[in-house]
Amino acid sequence: MIWRRLKHLFLSRRRAEERDMQEELDALVQIADERELGNLTLAAENARETWQWTSLDAVVADVHYAFRGLRKNPGFAAVAIATLAVGIGANTAIFSVVNSLFLRPLPVQDAYRLVVLAPRERGSSEFHDLSYPDYRDYRAHARAFSDMLGFAVGMDGIAVDQGPHQVLTSYVTGNYFSMLGVRPALGRLIEPAEAETPGAAPVLVLGYTCWQRQFNSDPGVIGKSARLNGHAVTIVGVAPEQFHGTFSLAETDAYLPAGMLAIEDSSFWTARGKGELRAIARLKPGMSLKQGRASLQVIARSLAEQYPETNKYTSMEAYPEWRARPQPDSAGSWPAMVGIFLTLAFIVLLVACVNLASILRARGNARESEMAVRSALGAARGRLVRQLLTENVLLAIVGGAAGILLSTWISMVLSSICTPIDLPMVQLDFRPDWRVFAYAFGVALLAGLMVGLGPMRSAWRSNLSIVLHEGGRALSGSRRRNRARNVLVVTQVAASMVLLIAAGLLVRSLEEAQRMNLGFDPHHVLNLRMDVHQIGYDEARGRNFYGELLARARALPGVESAAFVFSVPFFHDRFLSTVHIEGRPLSQGEAPSEVSYNVIDPALLQTLRIPILRGRGFNEADNETAPRVAIVSQAMAERLWPGQDPVGKRFRITKPANPLLEVVGVARNTKFVRPTPEAEPYFYVPLSQNYTAPMTLQVRSSRPAKALEREVLHEIRALAPDLPLYDVRTMEESLGGTMGFFLFRVGADLAAGLGILALFLTTVGVYGVISYAASQRTHEIGLRMALGATGQDILRMVLGQGLRLIGTGVLIGLGIALAVSRAVSSLLVGVSASDPMTYTSVAVLLGGFALVAGYMPARRATRVDVMVALRHE
Amino acid sequence: MELLQGTLDMLTLRTLLFGPLHGYGIAKAIRSTSNETLEIEFGSLYPALKRLEAKGWIASKWETSEHNRRAKYYRLTRTGRKQLTREHSKWAEFVDAITRVMGTAPGEVER
């Protein structure tokens, strides 16, 4: 019985049945009079229904029929599929970026139960890391978690056989690999006793890609000794290929025991309140994130009581691992940003679907007769609607497949622009996985439904008498049809308007950011970053080296000035600290101010041309033994000492117990941290009093950067042949980096790309609709011209109709954009979300394109030959 | 006279009880057995045949007719025979019930 039903599913079988039925009916006609048998076509149609009674069977039949329909109209199919592919492709490409950045889970055991700990000081805008003893306490006492790992990301120099090169390292706790359930690809991983025992023999586990690239996948590397920042380590294993570490932005090249962080500073094991480790914990089965958070907060409170000196103001948050990428700070901001871009892409899809719907409507008029005839022959309405639905869904699926192909290409292009220059090893893997396919499929289905809604509705309401009487031709277009067409045009123009305004705002914001007065002179400056720690230099050797190199760089021909700085403007790394002012204790519950600062060479302000407005700059006298000094920005002076002269005032950073810094000068405001219109408080401390190993040499010279670079490199090689250099580029290039204009540019480019797509689709759509409308009115136009209307009148009539629609669309679009543009304001710099200039120019741009698109067919309508038009059927 | 809804299947099964017939033959047989009272539309009979065949109550086979013409002949299957028995008793119950309710013709009651 079941088989009898199922066998109809097989099309060959179905064809045999069909042939058999025809034969049977033909045979009966031989026996009986055809008139006596009645309507055989209807009998056959009804008989087909009986073997199409399983819905799956009907679907197969519908799909078959739909395929035949598309094959018969290759032109229509090509346009429809291409339109959908563009819409679905754009959506899928953006989604695959989101997927690779945020949604793809870590390739480890039960990744969805991993939670990132996010401690924060009261008053601070940013989360920090945990000190090792704090981490130990959280790990031991957090009851909601089965285990908790800690890791610290570093940039270090590693040398095997030859000079060192820079790698991204992760210093991991002993339970790191076991908690994640990671097994070695080769050798072994880091074991608990090695990672957290002072004085344990240092070992190193290579990341898979690093092992492939730097060591040519040589298994002989196991057991070799290497030098990490000058310290001997033994390579013991290679991490598996899929595992890239727990730092989401880049693949870890080498894993080291956390204990190695204590080699140069043994206070690692005991000092609280120092940010060293990022902690990730695994929730116990059945425990919710909320319970996890609560259990952490209990510990935070007890630590604050036990160690008020360091932990008094620390509060604890926790986020699912996938939300805390790359930092827990992003947990709040990325959903909004992702939402905005997915919405913009969705508008493109909407506009594409409207185009397709217009084409389908034009085609639908021809099909309306087919539908009417079929329903006259007794086909059920539901059956016809299902047929149309199948056709559209099929179209959408084929379009979706083409869209996925297109999106892989788009994401390839995107990943090439998206590779930020600051971190060369950043890997963005946009390869589609099941999430991307599921999303594309969902989008495709939605597109199919949107496109098919109109024709399906009219099939459902198909009115036989109207269709048959009109003979598929509307004399001056029935009111209902016109309304549907008008809605399509207005929707399309309004949607494009919203998208173009968003794109326009982002582009303007990029321009504003780039045009912004940064407070320093970025031209003719060459940057070279180096870290003498990576070749094992201690502080004394480091100071010596930096001093010597500065002297040599300044002696180079054409060099105006040269200086060292810890973070160049818009650098991804910076110092941020709470500030305590001398003689002004915090009142109960008051949070200390938080200020970014920089470690500089006395000549830096001169090199970047940042003027001192009051007091003095640093000089040679501000050395290790002299009183500690600082130069503050105007904004900091105004914030901390409003209405007073800040010169001579003193403050401490981080802890009330730290040494006092005396303000010796006030510098002009700069945009050192990020390109925002408001000046952020900022201060500088001299390198001589605050030694840090990683530094950037900035050289100002009007000579070409390339030649200068060669000479500076030559001097560095002469002093320290093994020292790895990175981020060697001009200041202007460096401003385009990840923390600078890069994100603005990516956002603006992406939105502008989508906007251009929407503009193109809308222009094509308006052109199509107006030409179709004009062609439908050919007869009427002929009649009017025969009655004396001039070409001008006709032009005014056809174009006027289009203009009203476009105008309505533009106005509605403006209204919607005004209402929702606040959503993008978080991405904007120096331009308001309701910037009148952007709104006007977008309205003019879109209106202009639509006008041209409408003018061409209108113009053609006026050239109609009256006699031909009157005879037009 | 038009058929009561749902009776066509039963009539077809019953007609095939006497032996295999082709589609047109079934229509003819029902018409003549009912003394030309029941009009059988071939347009509805044919889908019914396909439906009964799909349910497995009748089976079909190409054969040669008495006038040496090829046609598809339908015959009752074993399950079809059981179905007919069921339908028959249901029909008898139905007729019985309707007769009880309807009684004699209205004119006779008044007299």
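Counting of residues starts from 1 at the beginning of each chain's written sequence and follows it residue by residue. Chain letters and ligand numbers both follow the written order, the letters beginning at A and the numbers at 1. A pLDDT threshold of at least 70 governs which residues receive local features in this predicted model, and a stricter bar of 80 or more applies before side-chain atom pairs are shown or counted, although totals over entire chains, interfaces and linings include all residues.

### Considerations on the overall build of chain A
Labels follow the DSSP assignment, with helices taken as runs of H or I lasting at least four residues and strands as runs of E lasting at least two, numbered in each case from the N terminus. When helices and strands are tallied, chain A shows 27 helices and 21 strands. Overall size of chain A, expressed as C-alpha extent along the three principal axes, is 120 × 70 × 55 Å. Residues classed as buried in chain A amount to 41% of the 873 residues present. Residue pairs in contact within chain A that sit at least 24 positions apart in sequence constitute 82% of those at least 6 positions apart. Residues with at least 20 neighbouring C-beta atoms inside 10 Å of their own are called buried, those with 12 or fewer are called exposed, and the rest are partly exposed, where every C-beta is derived from the backbone. Residues are treated as contacting if the C-beta atoms built from their backbones sit within 7 Å of each other.

### Here's the deal with the overall build of chain B
Looking only at helices and strands, one finds five helices and three strands in chain B. Counted from the first residue to the last, chain B has its helices and strands arranged as α-β-α-α-β-β-α-α. The C-alpha atoms of chain B give a radius of gyration of 17 Å, which is well past the 13 Å a tight globule of 111 residues would have. Overall, the C-alpha framework of chain B stretches about 60 × 30 × 20 Å when taken along its three principal axes. Per-residue burial over chain B gives 28% buried out of 111 residues. Throughout, the radius of gyration refers to the C-alpha atoms, and the reference size of a globule is 2.2 Å times the residue count to the power 0.38.

### A look at the sheet that holds strand β2 (residues 58–64) of chain B
Note on sheets: strands pair through backbone hydrogen bonds, and any given pair is parallel or antiparallel. Ordered by their spatial adjacency, three strands build an open sheet running β1-β3-β2 (chain B), and the pairing between neighbours is antiparallel. Edge positions in the sheet fall to β1 (21–22) and β2 of chain B, since each has one partner strand and no second. The rule for pairing is simple: two strands pair if DSSP sees at least two bridges between them.

### Structural notes on the pairing of strand β5 (residues 203–206) of chain A
Residues and elements named next belong to chain A. Along β5, one buried face is formed by V203 and V205 and the opposite face, lined by L204 and L206, is buried too. In this structure, β5 lies alongside strand β7 (residues 231–238), joined through four bridges in parallel fashion. Across the sheet, residue L206 finds its bridge partner in β7, namely V238. As paired strands, β5 and strand β8 (residues 254–257) are joined by two bridges and run antiparallel to one another. Looking at the pairing, L206 lines up with A254 of β8.

### Section: the domain arrangement of chain A
Domain boundaries assigned for chain A yield domain 1 (2–53), domain 2 (54–107 + 334–472), domain 3 (124–312), domain 4 (484–519 + 732–873) and domain 5 (525–701). Domains are outlined according to an automatic or database domain assignment. Each of domain 3 of chain A and domain 5 of chain A was reduced to a C-alpha centroid, and the two centroids are 30 Å apart.

### A word on the nonpolar core
Residue and element names in this part refer to chain A. Nonpolar cores are identified as sets of buried Ala, Val, Leu, Ile, Met, Phe, Trp, Tyr and Cys residues joined via C-beta atoms within 7 Å. In this structure, L84, V348, M497, L499, A502, L754 and A758 are the most contacted members of the largest nonpolar core, which totals 157 residues. With 18 residues, helix α17 (residues 479–515) is the single largest residue contributor to this core. Not counting chain neighbours up to four residues away, the residues in contact with A502 comprise L344, A751 and V824. With 61 residues, the next largest nonpolar core counts V205, M260, L283 and M316 among its residues.

### Some remarks on the interface of chain B and chain A
Between chain B and chain A, the residue contacts involve 17 residues of the former and 18 residues of the latter. Of all the secondary-structure elements, those providing two or more residues to the side of chain B that touches chain A are α2 (23–33), α3 (42–55) and β3 (70–76) of chain B. A total of seven residues in the side of chain B that touches chain A trace back to one element, the largest contributor, which is α3 of chain B. Lys, Arg, Asp and Glu make up the charged group, whereas Ala, Val, Leu, Ile, Met, Phe, Trp, Tyr, Cys and Pro make up the nonpolar group; the residues left over, Gly among them, are polar. Class assignment of the residues belonging to the side of chain B that touches chain A gives a composition of six nonpolar, five polar and six charged.

### A few points about the pairing of strand β12 (residues 559–565) of chain A
Residue and element names in this part refer to chain A. Among the seven residues that make up β12, six are buried, leaving the element largely enclosed by the rest of the structure. Relative to strand β20 (residues 694–701), β12 is paired through six bridges, and the arrangement is antiparallel. Looking at β20, one finds that A563 is bridged to Q698.

### Some thoughts on unusual backbone geometry
Keep in mind that most residues, glycine aside, have a negative phi and that most peptide bonds are trans. Residue and element names in this part refer to chain A. Non-glycine residue N229 carries a positive phi angle of around 50 degrees. In this structure, N229 sits in the loop between β6 (225–228) and β7. Exposure remark for N229: the 23 C-beta atoms within 10 Å place this residue in the buried category.

### Details of the environment of D134 of chain A
Residues and elements named next belong to chain A. When you line up the elements, D134 lands in helix α7 (residues 132–141). Take D134: there are 29 C-beta atoms within 10 Å of it, and that puts it in the buried class. Sequence separation between D134 and L510 is 376 residues, and the spatial gap between their C-alpha atoms is 42 Å.

### Looking at the confidence of the model for chain A
On a scale of 0 to 100, pLDDT captures the predictor's confidence in every residue. The pLDDT averaged across chain A works out to 84; a share of 91% of its residues lies at or above 70. Contacts of residues 470–477 of chain A to residues separated by more than four positions or lying in other chains number 14 contacts, the stretch itself having pLDDT below 50.

### Observations concerning the confidence of the model for chain B
All names here are of chain B. Summarising the model, chain B shows a mean pLDDT of 84, and 92% of its residues fall at 70 or more. Averaged over each element, pLDDT in chain B is lowest for helix α5 (residues 106–110) (57) and highest for helix α1 (residues 8–16) (90). Interface scoring of the predicted complex returns ipTM 0.84; its pTM is 0.74.

### Some remarks on α1 of chain B
All of the buried residues along α1 of chain B are L8, L11, T12, L13, T15 and L16 of chain B. For α1 of chain B, the elements touching its buried residues are β1, α2, α3, β2, β3 and α4 (78–102) of chain B.

### With respect to α4 of chain B
Side chains of residues three or four places apart in an α-helix project in the same direction, reflecting 3.6 residues per turn. All names here are of chain B. The end-to-end C-alpha distance of α4, which contains 25 residues, comes to 36 Å, matching closely the 36 Å that a straight helix rising 1.5 Å per residue would cover. In terms of burial, α4 is a largely surface element, two of the 25 residues being buried. Looking at the residues trailing α4, positive phi occurs at G103, about 60 degrees. Each residue after the first adds 1.5 Å to the expected span of a helix.

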